[in-house]
Amino acid sequence: MATRKTQGPRPSEFEPSLHEQAERLQASLGESAQQIWLAGLGAFHRAQTEGGKLFDTLVREGSKVEARTRDARAGLAESVEDVRSRAGETLGRMDQTFRARVGEALKALEVPTRRELGALADRIDALNQKLRAHNERPTAGARARRSAARSTPAGPAPVPPRATASRPARKPAAPRAPAQPTAAPPSDPIE
């Protein structure tokens, strides 16, 4: 025996049919499309009527922004210039301090300065000039030799005596100690 199952309510009785759902969806989409179209038309009309006002407002705001930017740039340029001048002053002070300390250290080590070396070079040049002038001027002995050489017709020239005042006398050599023979180191006997 076959029993028959009772089925519950049919879907078509409680739920709308697929066709009805499609119609409702189509109607809501149509309404949405209509609203979008109307919003676009309203925006277009407003842009036409208020576009000039909006443009003028944007120009005013842009001018304000540009003025603020210009002021900020000027302030920044002044700040940069101030920092540069301060840095230059600081470097100048550091340079002076460094030079002073190096000069003090060189003075403590008794290293001559550039001025002192220049003065010394000038003194050496003056002494060299005096020495040249002195060497070029004939001495009394040289004049006598020249006149004697002119007066004697031939023969060997006399030998002038040696001047002892210009050279210091030699010290006698110290006597040398006799050389001592070196002894061979003692050898260790191998046992």
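Notes on the structure follow.

Conventions we followed
Numbering of residues begins from 1 in every chain and follows the order in which that chain's sequence is written. With the structure being a predicted model, the display of local features is reserved for residues of pLDDT at least 70 and the display and counting of side-chain atom pairs for 80 or more, all residues being used for whole-chain, interface and lining totals. Side-chain numbers here rest on the full set of heavy atoms in the structure, without hydrogens or water. Numbered from the N terminus, helices here are DSSP runs of H or I no shorter than four residues, and strands are runs of E no shorter than two. Classification of residues uses two cut-offs on accessible area relative to the type maximum, computed with a 1.4 Å probe and protein chains only: under 20% is buried, over 50% is exposed, and between them is partly exposed. Under the convention used here, a 1.4 Å probe and the Shrake-Rupley method define accessible areas, while residue burial counts only the protein chains that appear. Only one rule defines a salt bridge in this text: a Lys or Arg side-chain nitrogen within 4 Å of an Asp or Glu carboxyl oxygen. Surface patches are drawn from residues lacking salt bridges whose relative accessible area is over 30%; two like charges belong together within 9 Å, two nonpolar side chains (Val, Leu, Ile, Met, Phe, Trp, Tyr) within 5 Å. In this charge count, Lys and Arg are treated as positive and Asp and Glu as negative; neither His nor the chain ends contribute. Taken as the charge centre is NZ of Lys, CZ of Arg, CG of Asp or CD of Glu, depending on the residue.

Brief notes about the overall build of the protein chain
The secondary structure content of the protein chain amounts to 4 helices and 0 strands. Each helix (α) and strand (β) of the protein chain, taken in turn from the N terminus, gives the series α-α-α-α. Buried positions account for 1% of the 191 residues belonging to the protein chain. As presented, the protein chain carries roughly 19400 Å² of accessible surface, and 58% of it is formed by carbon and sulfur atoms.

Quick word on the pattern of salt bridges
Side chains carrying opposite charge are able to pair once their charged atoms draw close together. This model, assessed by the stated rule, comprises 4 salt bridges. The partner of Asp82 in a salt bridge is Arg86, with the nearest N and O atoms 3.0 Å apart. Here Asp82 pairs with Arg86, and both are found in helix H2 (residues 18–108), just 4 residues apart, close to one helical turn. Of the charged contacts, one joins Asp95 and Arg99 as a salt bridge, the two residues approaching to 3.1 Å between their closest N and O atoms. In this pair, Asp95 and Arg99 both sit in helix H2, 4 residues apart, roughly one turn of the helix. You can call Asp95 partly exposed: its relative accessible area is 36%.

A word on a positive patch on the surface
Where like charges cluster on the molecular surface, the positive patch consists of Arg137, Arg143, Arg145, Arg146 and Arg150. Turning to its location among the elements, Arg143 is positioned in helix H4 (residues 140–151).

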